[in-house]
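# Structural characterization, general
Listed here are the chains, written in short residue letters.
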Amino acid sequence: MSRTFLAILHFDGSEFVGWQRQKTGRTVQGAMEQALERLTGAHRTAHGAGRTDAGVHAEGLGVSFEAPERWSAPEMHRALNALLPGDCWIESVRRMRDGFHARKCAEARDYRYDIGCDAASHSPFRRRFEWALDRTLAFGQLEAAAANLTGEHDFTAFAVRGTAKPHARCRIRRAIWELRDGRGVRFRVTADRFLHHMVRMLVGTMVDIGLGRRPLDDMTALLQAPDNQATSPPAPPQGLYFVAAEYAADWYLEGPA
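This report concerns the structure included in the present document. (Residues numbered from 1 in each chain as written. Predicted model: local features only at pLDDT ≥ 70, side-chain atom pairs only at ≥ 80, totals over all residues. Heavy atoms only, no water.)

### Here's the deal with the pattern of salt bridges
Summed over the entire model, instances satisfying the criterion amount to 19 salt bridges. Between Asp 118 and Arg 126 there is a salt bridge, with its nearest N and O atoms 2.9 Å apart. Just as Asp 118 is buried, Arg 126 falls in that class too. Residue Glu 152 pairs with Arg 169 through a salt bridge whose shortest N-O separation is 3.0 Å. Of the two residues, Glu 152 sits in strand E7 (residues 151-154) while Arg 169 sits in strand E8 (residues 169-179), which places them 17 residues apart along the sequence. Of the residues examined, Glu 152 reaches a relative accessible area of 36% and is grouped as partly exposed. By relative accessible area, which is 36% here, Arg 169 ends up partly exposed. One continuous salt-bridge network, built from bridges that share partners, spans Asp 118, Arg 126, Glu 130, Arg 180 and Arg 183. (Salt bridge = Lys/Arg side-chain N within 4 Å of Asp/Glu carboxyl O. Buried < 20%, exposed > 50% of the residue type's maximum accessible area, 1.4 Å probe, protein only. Helix = DSSP H or I, 4+ residues; strand = E, 2+ residues; numbered from the N terminus.)

### A look at the pairing of strand E9 (residues 184-191)
Within E9, 7 of the 8 residues are buried, which leaves the element mostly enclosed by the surrounding structure. Relative to E9, strand E5 (residues 108-116) runs antiparallel, the two sharing 8 bridges. For Tyr 113, the partnering residue across the bridge sits in E9 and is Phe 187. Bridge count for E8 against E9 is 7 bridges, and the pairing is antiparallel. Within E9, the residue paired with Ile 172 across the bridge is Ala 191. Where E8 folds back on E9, the antiparallel hairpin that results is connected by 4 residues, among which Asp 181 adopts a positive phi of roughly 50°. (Pairing = 2+ DSSP bridges.)

### Some remarks on helix H2 (residues 73-83)
Buried within H2 we find Ala 73, Met 76, His 77, Ala 79 and Leu 80. Where H2 is buried, its residues touch strand E1 (2-11), helix H1 (28-40), strand E3 (57-68) and strand E4 (88-96). (Contact = heavy atoms within 4.5 Å.)

### Considering the side chain of Arg 126
With respect to the element layout, Arg 126 can be found in the loop between E5 and strand E6 (131-132). Within the structure, Arg 126 has its side chain in polar contact with the side chain of Glu 130 (distance 2.8 Å). (Polar contact = N/O pair within 3.5 Å; in protein donor to acceptor, adjacent residues only side chain to side chain.)

### So, the packing of aromatic side chains
Applying the stated criterion across every chain, the model contains 9 aromatic pairs. Ring geometry for Phe 5 and Phe 65: centres 5.7 Å apart, planes at 25°, overall stacked. Here the residue Phe 5 occupies a position in strand E1, and Phe 65 occupies one in strand E3, the gap between them amounting to 60 residues. The exposure classification of Phe 5 matches that of Phe 65, with both residues buried. Taking 4.9 Å as the distance between ring centres and 75° as the angle between the ring planes, the aromatic pair formed by Phe 100 and Tyr 247 counts as edge-to-face. (Phe/Tyr/Trp six-rings, centres within 6.5 Å; stacked < 30°, edge-to-face > 60°.)

### Concerning H1
Over its 13 residues, H1 extends 18 Å from the first C-alpha to the last, a length consistent with the 18 Å expected when each residue adds 1.5 Å. Of all 13 residues that make up H1, 10 are buried, and the element is covered over most of its length. Regarding H1, the residues found buried are Val 28, Gln 29, Gly 30, Ala 31, Met 32, Glu 33, Ala 35, Leu 36, Leu 39 and Thr 40. For H1, the elements touching its buried residues are E1, E3, H2 and E4. One side-chain oxygen of the residue at the start of H1 lies 2.9 Å from the amide nitrogen of Gly 30, identifying that residue as Thr 27. Just beyond H1, the residue with positive phi is Gly 41, at close to 80°. (Expected span 1.5 Å × (residues − 1).)

### Details of unusual backbone geometry
Here the phi dihedral of Asp 134 falls at roughly 55°; this positive angle occurs in a residue that is not glycine. Its location among the elements puts Asp 134 in the loop between E6 and helix H3 (139-147). Phi is positive for Asp 181, close to 50°, though the residue is something other than glycine.

Purely spatial values, then, with no claim about function.
This is the structure:
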């Protein structure tokens, strides 16, 4: 018999080629599965709430997996943190109902994107964790551009070509820009689903609007576009963070470990 668990994982994505296990390169999924195999004596598949790209970080990625029933959530929490590499950390582990899957059961996902607008963003203590833009952005233009995104839209123009998805429609609940105490700006976005590179392409386009490189009306036009040919290049990966996934309350069997 086995139990299903949900771990909330933080990781610095700088030295990973992404979440998903690959033939070559260090992956977050691989690190999780190696730790689980050492703990349980058998391969255990770890399912992430999102498939982050190389260089992207997380401060609350849901990861589901199964383990023998002798394991409790507190024991699993301590054991995983003892075995995971230093650029990973488990915030909590909780027991979940059978059938739970971190990606398939997620009702919404939250991301944030950090941009440094000051010269100090080039510091080695910051440039791995934000876009060191070092330029002033028109905050009002950023806010106006983001206001076009809420609701359900076709985001074909903000996805990598050939993305293997049944459709490109996403429902955005929140899309806001915030000031970061003189250091720059932060974009927060919550939606039911995201396409490949969608957040980075949205940010890249809005930054071009904030820099005066393209008009505000482009956001509305791109939401009607059949492809991504007129979209700005994606923002670099190091500013992007997977923040959290939302799940229905009845999936949880117990509180945080």
